[in-house]
Structures are given as structure tokens and as C-alpha cells.
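Coordinate inspection notes
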Amino acid sequence: DLLWIRAVLLFVDFLESDSDDGVYWTRTVLKTVGTLDPAWRTPFFYGGGMLRLLDNIEGSDEIFSDGMKAFPQDAYFPFSLAMNAYLYHKDLELAVEYLQKAAGMPGAPRWYRSAAAEFISRQGRRATALLYLEEQIQNANSERERVLLDNKYKSLQHEEVSEMLQD
């Protein structure tokens, strides 16, 4: 519990810092907390997002993957991996794979299924990512986090408008 509290408290400082030390420390602590208490969903749920905001997508993938192993029936983790694959790795095939897995789980939000269909048909991919980012912005814990997510949201909107204008 103390490691988690410390990670959350230092996260904002690391978010505003340009040092990679905070990224390494956060990733290490999240792995440790997940190992010490694998039945506690919180560090996996928030940890992957924290690392994503610290520009450590591989670390984010690792924490979400650990969450998927610890909570194999929780659709949030494969969905988050799908969004990382799409938004950051630009890997549509991997995104579709994770999204289909998430959409097929009991209790998954209904819109995961439509998102999976959109990804598969290669239409509306940005719309799904924009929905996801809107949800993340609403759940942001700090103004800095909100700004980073909003910047990604606006970037995707810009890409969409640019494509429409080119067409």
C-alpha cells in the first residue's frame, strides 16, 4: 500500500519532469506492487495509464499485460493494450486482436463490440480512439494529465479532418 501511495504522489512530479529516472522508478514500483499483491486491480488499471502518460508505452503494455494475466476476465486490460497498439505502435493487426479479445469477454461494454467491428472493417478507427480518449480525459487525475490526453485527442481530430480535406 505504501509503495502504491508513494507512486501516485510522485507521479505528478515525474509527469512534469523531463528526467527518465521517474519513468524507471514508476515502472519498477508498479511491477513490485503487482507482484506483491496480484489480486489488487488498481495498480494495473491506473499504472498502465500512468506509464503511457510518462511516454513509456512498452512499460504501459507490460503493466496492462500483467493486469490481463491477473484478471483474465477483465475486458479493460486487452482493450487498453488495443489502444496502445493503435495509438502508439501504429499496429492495426495487434489492435484488432486485443480488441476482439476484449469485446468477447462477459461484461465488456457494448461499444467494445462495435469498436472491434470498426477496426476490422478499417472504418471509424479514429472514432473509437477518440471515444477512448474522451473517457480517459474525463477520468484524468490532474490538469497536466488532462492536457496530455487532450493533445492526443486533438492530434487525432486533426488527422481525421486532414484526410477528409484530402479526399
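If you're wondering where the values come from, they're calculated on a predicted model, not measured in any experiment. (Residues numbered from 1 in each chain as written. Predicted model: local features only at pLDDT ≥ 70, side-chain atom pairs only at ≥ 80, totals over all residues. Heavy atoms only, no water.)

**Remarks on a nonpolar patch on the surface**
- A cluster of nonpolar side chains, contributed by Leu2, Ile5 and Leu9, occupies part of the molecular surface with about 350 Å² of accessible area.
- Inspection of the secondary structure puts Leu9 in helix H1 (residues 2–16). (Patch = residues over 30% accessible without salt bridge, like charges linked within 9 Å, V, L, I, M, F, W, Y side chains within 5 Å. Areas by Shrake-Rupley, 256 points an atom, 1.4 Å probe, with all protein chains shown as cover. Salt bridge = Lys/Arg side-chain N within 4 Å of Asp/Glu carboxyl O. Helix = DSSP H or I, 4+ residues; strand = E, 2+ residues; numbered from the N terminus.)

**A word on the pattern of salt bridges**
- For the structure shown, the criterion picks out six salt bridges.
- The closest approach of N and O atoms between Glu62 and Arg27, which form a salt bridge, is 2.7 Å. With Glu62 in helix H4 (residues 57–70) and Arg27 in helix H2 (residues 21–36), the pair connects residues that are 35 residues apart, well separated along the chain.
- Between Lys154 and Asp150 there is a salt bridge, and its shortest N-O distance comes to 3.0 Å. Of this pair, Lys154 and Asp150 both sit in helix H9 (residues 143–166), four residues apart, which is roughly one turn of that helix.
- Assessed through its relative accessible area of 48%, Lys154 is described here as partly exposed.
- Given a relative accessible area of 25%, Asp150 falls into the partly exposed group. (Buried < 20%, exposed > 50% of the residue type's maximum accessible area, 1.4 Å probe, protein only.)

**Observations concerning the side chain of Asp74**
- Tracing the backbone shows Asp74 in the loop between H4 and helix H5 (76–87).
- A polar contact is formed between the side chain of Asp74 and the side chain of Arg41, at a distance of 2.4 Å. (Polar contact = N/O pair within 3.5 Å; in protein donor to acceptor, adjacent residues only side chain to side chain.)

**A few points about the packing of aromatic side chains**
- All told, the structure shown has nine aromatic pairs when counted by the stated rule.
- Between Phe64 and Phe77, the ring centres sit 6.5 Å apart and the planes meet at 50 degrees, which makes this aromatic pair tilted. Of the two residues, Phe64 is situated in helix H4 and Phe77 in helix H5; the sequence distance between them amounts to 13 residues.
- For Phe77, a relative accessible area of 0% corresponds to the buried category.
- Each residue in the set Phe44, Phe45, Tyr46, Phe64, Phe71, Tyr76 and Phe77 is aromatic and connected to the rest through ring pairs, giving one cluster. (Phe/Tyr/Trp six-rings, centres within 6.5 Å; stacked < 30°, edge-to-face > 60°.)

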